[in-house]
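Descriptive analysis of the structure
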Amino acid sequence: MPDKHIDVCFFNGAIRTEENERMAKLLRQKTKALIAFGSCACDGCVIGLGNLWNRENVFERAYMETPSTKNPQRTTPQTHLKVNEGELELPEFYDTVKTLAQTVDVDYFLSGCPPPVPLIINAAMAIFKNELPPKGSVLMPTKSICDECPREKKDKKLSEVKRIYEIEDDQETCFLDQQVICMGPATREGCEAQCPKVNMPCTGCGGPSPRVSDQGAAMAGAIASIATDTNVIDQIMDPIGTFYKFSLANSILKRKVIE
Ligand code: SF4
Ligand code: SF4
């Protein structure tokens, strides 16, 4: 296939292995417009939370410690293995999960886990009509989830932090007003606030809201501005899993430093 032979490629998935990286570079070479498609390609998504560990830690957990694993020889995947028939190869598993744009040049971004169907249709129509926006654009609306959420916003003061199962949701009031953390203020709209509409707080799969470069930092800042005292912050049981569930790999932190 000659270079730039493919008009558009919707690239799904983060870059975790050597194979992912090779495929990203190959498709970049063969494609005119490369679209980072979905939260993994755009922001690293949940697998980006693996950046709190390294390959050794991940292999230890996956191949030694999990309750269903019996591995007395402590065998882990090797990149090369000699067998009678020749040499077998496996792609290298990297220490750090990267986004597509941290690996190759990306033309457009369409996030979500999964991306909302109407936005996929809009993107496809823009391609067919040759009406794509400038390179680097996010093919999503330019507001936050709160702008499309029907829940009533009141005084938004956080005096304690509760999990969703600890409240009797009135199904009308903003979750933050009910003391439940909702990532709506820091998350880009496009899904029509489908989680709050079915009585679950937004966990942030749409990626950072417009004008926000670090989704977790923006949400932590929002929480700090409405918390009535510092004890509230201490009640957040899993701050990284809460604020960076979908975007750690694409954050300012990117990963935990492991000596
Ligand atoms: S914080 Fe959540 S529940 Fe409140 S308005 Fe925003 S999206 Fe809706
Ligand atoms: S409400 Fe939030 S978590 Fe739910 S689909 Fe929309 S962006 Fe994703």
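Residues numbered from 1 in each chain as written. Chains lettered and ligands numbered in written order. Predicted model: local features only at pLDDT ≥ 70, side-chain atom pairs only at ≥ 80, totals over all residues.

Time to look at the overall build of the protein chain. When its secondary structure is counted, the protein chain shows nine helices and seven strands. Within the protein chain, the proportion of its 259 residues that are buried is 33%. (Helix = DSSP H or I, 4+ residues; strand = E, 2+ residues; numbered from the N terminus. Buried ≥ 20, exposed ≤ 12 C-beta atoms within 10 Å, placed from the backbone.)

Bringing the domain arrangement of the protein chain into the picture now. Note on interface size: it is often stated as the accessible area lost on association of the parts. Taken domain by domain, the protein chain comprises domain 1 (6-50 + 96-128), domain 2 (56-95) and domain 3 (145-250). When each unit is reduced to the centre of its C-alpha atoms, the spacing between domain 1 and domain 3 is 26 Å. With 17 residues of domain 1 in contact, the opposing surface of domain 3 contributes 13 residues. For the side of domain 1 that touches domain 3, the secondary-structure elements that each account for two or more residues are α2 (39-43) and β6 (93-98). Counting residues per element, the side of domain 1 that touches domain 3 draws most heavily on α2, which supplies three residues. A per-class count over the side of domain 1 that touches domain 3 returns nine nonpolar, six polar and two charged. (Domains from an automatic or database assignment. Contact = placed C-beta atoms within 7 Å. Nonpolar A, V, L, I, M, F, W, Y, C, P; charged D, E, K, R; others polar.)

In this section: the site of ligand 1. Taken together, 15 residues lie around ligand 1, and C146, C149, C174, C182 and G184 are the ones closest in. Classifying every residue of the shell around ligand 1 gives twelve nonpolar, one polar and two charged. (Near = placed C-beta within 6 Å.)

Once that is clear, we can look at the sheet that holds strand β7 (residues 108-110). Sheet strands associate in pairs through backbone hydrogen bonding, adopting either a parallel or an antiparallel arrangement. Here three strands make up an open sheet; going across it, the order is β1-β3-β7 and the pairing parallel. Of all strands in the sheet, those with a lone pairing partner are β1 (6-12) and β7, marking the two edges. Geometrically, the sheet is characterised by an average inter-axis angle of 25 degrees between neighbouring strands, direction not taken into account. Both strand β3 (residues 31-37) and β7 contribute to a ladder of three bridges, which runs parallel. Residue pairing for β7: A36 is matched across the bridge by F109. (Pairing = 2+ DSSP bridges. Axes fitted to C-alpha atoms, helices over the stretch in contact; angles between N-to-C directions.)

Residues in contact with ligand 2, as listed here, are I145, T187, C191, A193, Q194, C195, C202, T203, G204, C205 and G206. Here the residues of the shell around ligand 2 sort into six nonpolar, five polar and no charged.

A word on the environment of A41. The residue A41 is located in helix α2 in this model. The buried category is assigned to A41, around which 28 C-beta atoms lie within 10 Å. Through-space distance from the C-alpha of A41 to that of P91 is 19 Å; in sequence the pair is 50 residues apart. Those residues in contact with A41 that sit more than four places away from it in its chain are F11, N12, G13, A14, A36, T99 and L100.

Further remarks concern the nonpolar core. Among soluble globular proteins, nonpolar side chains are generally buried collectively. Ranked by internal contacts, the top residues of the largest apolar core, which has 48 residues, are F11, A36, A41, F109 and L110. Sorting the residues of this core by element identifies β3, α2, β7, α5 (145-148) and α7 (215-226) as the ones contributing at least two each. Shared between two domains, this core takes at least three residues from each, and those domains are domain 1 (6-50 + 96-128) and domain 3 (145-250). (Core = buried A, V, L, I, M, F, W, Y, C linked by C-beta atoms within 7 Å.)

Right, let's get into helix α4 (residues 117-128). Its twelve residues place the ends of α4 16 Å apart at the C-alpha level, agreeing with the 16 Å of an ideal helix rising 1.5 Å per residue. Judged by how many residues are buried, α4 sits mostly at the surface: one of twelve residues are covered. Two residues or fewer past α4, N130 is found with a positive phi of approximately 60 degrees. (Expected span 1.5 Å × (residues − 1).)

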